[in-house]
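If you want the building blocks of each chain, they are given just below.
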Amino acid sequence: MSLAAQLWTENADVVAEVLANPFVRGIGDGSLDRDLFAGYIAQDAFFLESFARAYGLALSRSADTATLLTFADLLAGVRDELGLHASYAASWGIDMAGVEPAAATLAYTEFLLATAATADVGVVCAAMTPCMRLYAHVGVTLDAETAGPYAQWVQTYADPGFDEVASLLERLLDQQAVDVSAARVAYRRAMRLELAFFDAAFKRGDQT
């Protein structure tokens, strides 16, 4: 079993918590409050910009041409995802300007950027893989037919093309991870931050 597959299996408990989270379940059955989803999209756009910067830092520290070009391809994938968020903003009237990041968003972005700036490239891949693999898993687990206004969101992450991008990052993780222990810690931390991100998106409604 590859390292990426091992780490995914080891974190099955967090994956189950994400799928049981009321925010994710609300997307899946279409019942999620529209304002909560709008707030999530704005926070996720802020997160994705930091995710792109983390790819850029990893790209600049790549030791070989193949790794550098792979990170360039992954960075292009974030650009496409940000395009989806811009489309939501335009059609849903979401104000993306001057977004104030929530505590959970900042915790995640600061972890990613610090890791990308200081850790080995393999550990950086471990910190970034959970976001990609988890969203691909959520996409294929939820049903776009029952997601109502969130069908496009589900279809985006259920698309085989998104799974291919996640697999690309996993292959890079397998190739680059020398310090397996550090990679395991980074992967677990990112998975817990993903759960906290969804949890904060749902609880934001309690603060209004």
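Residues numbered from 1 in each chain as written. Predicted model: local features only at pLDDT ≥ 70, side-chain atom pairs only at ≥ 80, totals over all residues. Heavy atoms only, no water.

## Remarks on the overall build of the chain
And step 1. Along the backbone of the chain there are 10 helices and zero strands.
And step 2. Mapped in sequence order, the helices and strands of the chain form the string α-α-α-α-α-α-α-α-α-α.
And step 3. Against the globule reference of 17 Å for 208 residues, the chain gives a C-alpha radius of gyration of 16 Å, in line with a compact fold.
And step 4. Along the longest, intermediate and shortest principal axes, the C-alpha atoms of the chain span 45 × 35 × 30 Å. (Helix = DSSP H or I, 4+ residues; strand = E, 2+ residues; numbered from the N terminus. Rg over C-alpha atoms; globule rule 2.2 N^0.38 Å.)

## A few points about the UniProt feature "domain: Thiaminase-2/PQQC" (unreviewed entry) in the chain
And step 1. When the UniProt feature table is mapped onto this chain numbering, "domain: Thiaminase-2/PQQC" (unreviewed entry) sits at residues 22-201.
And step 2. The span residues 22-201 is 82% helical and 0% strand by assignment, and the distance between its end C-alpha atoms comes to 10 Å. (UniProt positions renumbered as here; feature names shortened; annotations may be inferred.)

## Let's talk about the packing of aromatic side chains
And step 1. This model, assessed by the stated rule, comprises 17 aromatic pairs.
And step 2. For the ring pair Tyr40 and Phe198, a centre distance of 6.1 Å and an interplane angle of 20° mean the geometry is stacked. Here Tyr40 is found in helix H4 (residues 34-60), whereas its partner Phe198 is found in helix H10 (residues 180-203), with 158 residues between them in sequence.
And step 3. When its relative accessible area of 1% is taken as the criterion, Phe198 is described as buried.
And step 4. Residues Tyr135 and Tyr157 carry aromatic rings whose centres are separated by 4.8 Å and whose planes lie at 65° to one another, so their mutual orientation is edge-to-face. Here Tyr135 is found in helix H7 (residues 121-141), whereas its partner Tyr157 is found in helix H8 (residues 151-158), with 22 residues between them in sequence.
And step 5. By relative accessible area, which is 1% here, Tyr157 ends up buried. (Phe/Tyr/Trp six-rings, centres within 6.5 Å; stacked < 30°, edge-to-face > 60°. Buried < 20%, exposed > 50% of the residue type's maximum accessible area, 1.4 Å probe, protein only.)

## Thoughts on the packing of helix H6 (residues 103-118) against H10
And step 1. For the pair H6 and H10, interaxial distance at closest approach is 9 Å and the crossing angle is 155°. Of the possible angle classes, the one that applies to H6 and H10 is roughly antiparallel. In this structure, H6 crosses over H10, and the sense of that crossing is left-handed. Counting all contacts with H6, which are made through Ala104, Thr105, Ala107, Tyr108 and Phe111, the residues of H10 involved are Ala186, Arg189, Ala190, Leu193, Glu194, Ala196, Phe197 and Ala200. (Axes fitted to C-alpha atoms, helices over the stretch in contact; angles between N-to-C directions. Parallel < 35°, antiparallel > 145°, perpendicular 65-115°, else oblique. Left-handed = near helix turned anticlockwise from the far one by under 90°. Contact = heavy atoms within 4.5 Å.)

## Considering the side chain of Thr129
And step 1. Examined against the element boundaries, Thr129 turns out to sit in helix H7.
And step 2. On the accessibility criterion, Thr129 (1% relative accessible area) is buried.

## Brief notes about the pattern of salt bridges
And step 1. Tallying each qualifying case throughout the model produces six salt bridges.
And step 2. In this structure, the salt-bridge partner of Glu10 is Arg184, at a minimum N-O distance of 2.8 Å. Of this pair, Glu10 sits in helix H1 (residues 3-10) while Arg184 sits in helix H10, and the two are 174 residues apart along the sequence.
And step 3. Here Arg184 falls in the partly exposed class, since its relative accessible area comes to 31%. (Salt bridge = Lys/Arg side-chain N within 4 Å of Asp/Glu carboxyl O.)

## As for the state of the cysteines
And step 1. Taken as a whole, this structure holds zero disulfides when the rule is applied.
And step 2. With no disulfide of its own, Cys125 has Cys131 as its nearest cysteine by sulfur position, at a separation of 14 Å.
And step 3. Since its relative accessible area comes to 4%, Cys131 is described here as buried. (Disulfide = S-S within 2.5 Å.)

## Some details on the environment of Gly26
And step 1. Within the secondary structure, Gly26 is located in helix H3 (residues 22-29).
And step 2. Residue Gly26 is classed as buried on the basis of its relative accessible area of 4%.
And step 3. Those residues in contact with Gly26 that lie beyond four places of it in its chain are Ser31, Leu32 and Tyr150.

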